[in-house]
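The lines below spell out each chain.
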Amino acid sequence: MSKEAEIGRKIFENVGGKENVSRIAHCMTRVRLGIRDPEKVDLDQLKKVPGVLGVVEDETLQVIVGPGVVNKVAAAMAEEAGVKIGEVINENLDAEQKSGKELVEEKAAATKASMKAKQNNQSSFKKLLKSISNIFVPLIPGFVGAGLIAGIAAILTNNITAGNLDAGTWTQYVDILGVINKGIFAFLSIYVGINTANEFGGTPVLGGGIAGITMLSGLADGHTITNIFTGDAILPGQGGIIGVLFAVWLMCVLEKSLRKFIPNAIDIIVTPTIVMLVMGLITIFLIMPVAGLISEGLVSAINWTIEVGGLFSGFVLGTFFLPMVMLGLHQVLTPIHVEMIAQTGATLLLPILAMAGGGQVGASIALWIRCRKNKPLVNMIKGGLPVGILGIGEPLIYGVTVPLGRPFITACLGGGIGGAVIGAFGNIGAIAIGPSGVALIPLIAGGHWLGYVIGLLAAYLGGFVLTYFFGTPKDAMEAVNE
């Protein structure tokens, strides 16, 4: 049995067995489990499973195992359960095993929860954030890979320009790397359209088709489409990712509405035709121009805030990013990062926000030194630091700083110090999203990686000093054995 399969088996043991799990999914670092009966979950033992870096209770039970490992653990668990990732496990199990009274009570509880959700605006916003996450998280590996390839191409180009490499030999390699890089970014809107349709219950190929319309690839050379409201030419890609998200969401609403009354016999012909025609016209003449104004204004406002605010803006953003992560609010920034990269070639926001993880690393090192007699805490820090340095902060957040309280605050302030340094430098952006920490260095645009490294070191130092002198709880320094 592989190490990942063993982790999966231990997870099953401590969540009440396979029969207590309704669904298995995963993101970049977490195995997400749907739990039938939360009372059967032994959280304390689950956290002690070798390979488990932390546990988060939300709509699903989220078991943090780290990047790379998570894919293998989730796949092993799905294989053991006899399902594909995302499928319902033993769909009829609840009805078979529960008594009539239990089913009635469960239905009543579900109805009550549903009514409460309708009255609570926050739950709708949380659902929106989750949808954004589901759309973009599967794309992140592509962003990272294509971004690193673009970084290599930029380094080669700089060396060709400086005369360090022969242009005749190396230019063709730069061109090839550019082709590979564009395989993701040139058609990004289509990938987003497909994922958006999947998320909101539409037909994926129609979602990709509506997104593809925004590229205006069907226009003959020299021809343009004129905005009927302003008389201006509509440009390919106008409205960006924000426009694609809204257009495909609206497409899903229209498609589901049509399927309610169009006869099944002609549905396959009539529905997609109407959807493509109606949504195509709406997308070109309404959504693209309006979303273009919104996305351009949003990107300009953020860049202006960072450039003008400098040190202060960097401190505020770096300090408050981790609380945003804990509340799940950071997901709303993903399409903004993507749009900034599409419009300007880099996102100035990501390097500043990445400093939050640096503060966590510095705080954890301080706790390691001051609390060295606390063996369980030290072991948790040892396990979380390597991935924390690479930009995966959940193990340190949920396993170290948040449970102790004060270190989380000093870690956030350390991130603010790093953010202030990045803000003071200015013009430090990332050409792709995905990693942070040390892993973001190759993705820093324009050769400004040294400024990013200085900011990261400032975040480490800030988190360390503040935690060492002000953020270490006395009870955490007491001797505790395994």
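Residues numbered from 1 in each chain as written. Predicted model: local features only at pLDDT ≥ 70, side-chain atom pairs only at ≥ 80, totals over all residues. Heavy atoms only, no water.

Help me understand the overall build of the protein, please; the structure alone is not making it clear to me.
The secondary structure content of the protein amounts to 19 helices and six strands. Along the first, second and third principal axes, the C-alpha set of the protein runs to 75 × 75 × 45 Å. Burial statistics for the protein: of 482 residues in total, 44% are counted as buried. Carbon and sulfur atoms make up 63% of the accessible area of the protein, which amounts to about 24200 Å² in all. Across the protein, the mean location of the 33 positive side-chain charges is 7 Å away from that of the 34 negative side-chain charges. (Helix = DSSP H or I, 4+ residues; strand = E, 2+ residues; numbered from the N terminus. Buried < 20%, exposed > 50% of the residue type's maximum accessible area, 1.4 Å probe, protein only. Areas by Shrake-Rupley, 256 points an atom, 1.4 Å probe, with all protein chains shown as cover. Lys, Arg positive; Asp, Glu negative; His and termini not counted. Charge placed at Lys NZ, Arg CZ, Asp CG, Glu CD.)

What am I meant to see in the packing of helix α9 (residues 188–199) against helix α11 (residues 240–259) here?
Angle between the axes and distance between the axes: these two values describe a pair of packed helices. Two elements in contact, α9 and α11, have axes separated by 9 Å at closest approach and are oriented at 35°. In this structure, the crossing between α9 and α11 has a hand that is right-handed. For the pair α9 and α11, the contacting residues are L188, S189, V192, G193, T196 and A197 in the first and I241, V244, L245, V248, W249, M251 and C252 in the second. Classifying every residue of the contact of α9 with α11 gives ten nonpolar, three polar and no charged. (Axes fitted to C-alpha atoms, helices over the stretch in contact; angles between N-to-C directions. Left-handed = near helix turned anticlockwise from the far one by under 90°. Contact = heavy atoms within 4.5 Å. Nonpolar A, V, L, I, M, F, W, Y, C, P; charged D, E, K, R; others polar.)

Help me out: how do you make sense of the pairing of strand β2 (residues 30–35) in this one?
The side chains of a regular strand alternate between the sheet's two faces. Pairing analysis gives five bridges linking strand β1 (residues 21–26) to β2, with the strands arranged antiparallel. Residue pairing in the sheet places V21 in a bridge with I35 of β2. Linkage of β1 to β2, two consecutive antiparallel strands, is achieved through a turn of three residues. (Pairing = 2+ DSSP bridges.)

It is not clear to me how the side chain of S189 should be interpreted in this structure. Could you clarify?
Position of S189 relative to the elements: it lies in helix α9. Each residue touching S189, except ones within four places of it in the same chain, is listed here: A211, T214, M215, I241 and V244.

What should I look at first to understand the sheet that holds β1 in this one?
Across a sheet, strands are paired by hydrogen bonds formed along the backbone, either parallel or antiparallel in direction. Taken in spatial order, the four strands of this open sheet run β1-β2-β4-β3, and their pairing is antiparallel. Each edge of the open sheet carries a strand with a single partner, namely β1 and β3 (54–57). Within the sheet, the average angular offset between the axes of one strand and its neighbour, ignoring direction, is 20°. Packed onto the sheet, helix α3 (residues 69–81) meets β1 and β2 and runs at close to 150° relative to β1.

Looking at this structure, I do not really get the pattern of salt bridges. What am I missing?
When the charged atoms of two side chains lie near each other, side chains of opposite charge can form a pair. Tallying each qualifying case throughout the model produces five salt bridges. Among the salt bridges present, the one from E13 reaches R9, with a minimum N-O distance of 2.4 Å. Here E13 pairs with R9, and both are found in helix α1 (residues 3–14), just four residues apart, close to one helical turn. A relative accessible area of 45% means that E13 is categorised as partly exposed. R259 serves as the salt-bridge partner of E255, at 2.7 Å between the closest nitrogen and oxygen. Of the two residues, E255 and R259 are both situated in helix α11; the distance of four residues between them amounts to about one turn of the helix. Residue class for E255 comes out buried when judged on its relative accessible area of 2%. Its relative accessible area of 34% is what places R259 among the partly exposed residues. Three or more residues joined by partner-sharing salt bridges are found here, namely E6, R9 and E13. (Salt bridge = Lys/Arg side-chain N within 4 Å of Asp/Glu carboxyl O.)

Function cannot be inferred from these measures alone, as they are strictly geometric.
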